[in-house]
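Residue-level listing of the chains:
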Amino acid sequence: VLTLLEDLQNHTWSEHPDAEGLDRILGKIRNLVEQTAVSRQEAENSTKIIPIQKLLVDGKCLVARSRRLIRDAPLSLVLDSSGSRKLACRGFLFNDLLVLATESGQQERGLFRHTGGVYHLKYSLKLEEWSVSDSHGRRHGFALHKRSTDEILVLEFDSVEDRDGWRADIKGGISIQLLASLRVQEERGEAGDD
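Caption draft 1: Quick peek at the pattern of salt bridges. Taken as a whole, this structure holds 8 salt bridges when the rule is applied. With a shortest N-O distance of 2.5 Å, arginine 71 and aspartate 169 are connected by a salt bridge. Of this pair, arginine 71 sits in strand β1 (residues 69-78) while aspartate 169 sits in helix α3 (residues 160-193), and the two are 98 residues apart along the sequence. Judged by relative accessible area, which is 25%, arginine 71 ranks as partly exposed. The partly exposed category is assigned to aspartate 169, whose relative accessible area is 25%.

Caption draft 2: Expanded view of helix α2 (residues 19-55). Here α2 spans 55 Å end to end across 37 residues, near enough to the 54 Å set by a 1.5 Å rise per residue. Within α2, the axis deviates most sharply at isoleucine 49, by approximately 30°, and proline proline 51 lies no more than four positions further along. Buried within α2 we find Ala19, Leu22, Leu26, Glu42, Asn45, Ile49, Ile52 and Gln53. Buried residues along α2 sit in contact with α1 (2-10), β1 and β2 (86-94).

Caption draft 3: Structural view of the confidence of the model for the protein. Residues at a pLDDT of 70 or more form 87% of the protein, whose mean pLDDT is 81. Between the elements of the protein, mean pLDDT differs from a low of 39, seen in strand β5 (residues 111-112), to a high of 92, seen in β2. Per-residue pLDDT stays below 50 along residues 106-114; that stretch engages in 19 contacts with residues further than four places along the chain or on separate chains.

Caption draft 4: The environment of serine 81, seen in detail. Relative to the helices and strands, serine 81 is located in the loop between β1 and β2. On a C-alpha basis, the gap between serine 81 and valine 154 in space is 9.2 Å, while along the polypeptide they are 73 residues apart.

Caption draft 5: Inspection of the side chain of threonine 102 at higher detail. Structurally, threonine 102 is set in strand β3 (residues 97-103). Overall, the relative accessible area of 8% leaves threonine 102 in the buried class. If we ignore the near neighbours within four places in the chain, the residues touching threonine 102 are Leu87, Ala88, Cys89, Val118, Tyr119, His120 and Lys122.

Caption draft 6: Representation of the packing of aromatic side chains in the model. Under the counting rule described, the total for this entry stands at 3 aromatic pairs. On the basis of an interplanar angle of 90° and a centroid distance of 5.3 Å, the ring pair of phenylalanine 92 and tyrosine 119 is categorised as edge-to-face. You can see phenylalanine 92 sitting in strand β2 and its partner tyrosine 119 sitting in strand β6 (residues 119-126), a full 27 residues away along the chain. Neither phenylalanine 92 nor tyrosine 119 differs from the other in exposure class; each is buried.

What counts, and where the lines are drawn
- Position numbers for residues count from 1 along each chain, tracking the sequence in the order it is written.
- In keeping with the model being predicted, local features are shown solely for residues with a pLDDT of at least 70 and side-chain atom pairs are shown and tallied solely at 80 or more, while totals for entire chains, interfaces and linings include all residues.
- In computing side-chain values, all of the structure's heavy atoms are included and hydrogens and water are not.
- For salt bridges, the criterion is a side-chain nitrogen of Lys or Arg within 4 Å of an Asp or Glu carboxyl oxygen.
- Helix and strand assignments come from DSSP, with helices taken as H or I runs of at least 4 residues and strands as E runs of at least 2, each series counted from the N terminus.
- The buried label goes to any residue with under 20% of its type's maximum accessible area, the exposed label to any with over 50%, and the partly exposed label to all in between, with areas taken from a 1.4 Å probe on protein chains only.
- In this analysis, the expected span of each helix is defined as 1.5 Å times one less than the number of residues it contains.
- To obtain the bend at a residue, axes are fitted to the seven residues ending there and to the seven starting there, and the angle between these axes is taken.
- We call two residues in contact whenever any of their non-hydrogen atoms come within 4.5 Å of each other.
- pLDDT: the predictor's confidence for each residue, scored from 0 to 100.
- Any two rings among Phe, Tyr and Trp, with Trp reduced to its six-membered ring, count as a pair given centres within 6.5 Å; such a pair is stacked if its planes are under 30 degrees apart, edge-to-face if over 60, and tilted if neither.

This is the structure in structure tokens:
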């Protein structure tokens, strides 16, 4: 229908009595198509998040309208400065949140292997509150620094490629969240000027 109306619009001269009405209805249809695409994407995102939500026994609500799953993979949380103590975790990276959870199940060589059990929430990190640092002396890892405190979390991965992929995705999520936060602050500033 949209293509047909666009074709009709292209073949209607601007002085035609129906040209203005055609422009208006075409704009409404385009908005409807866009809203439908957004709703479909949100439904697809929820479909990916709900199974993760069901596996978390700690009750953290992960489902949010704008939240999307970016990565889901095993990683290790380094527990001491020597790197000898590690906690096998599952990382769930969303566009606004990093969730680190452990499974009450089997662990293999320090890394998580899902055995169909449930996850226990260890950390739920709002990306806008953290920054990504160097490898923190770890070949396959990097550090996350909480902006408001001295808290540091060191994450370690199976390979340099995994590390680089996670680092890039987390940095991208942080950037998007900070930009969104700045937009909200600007809007509040403009609203206060009226």
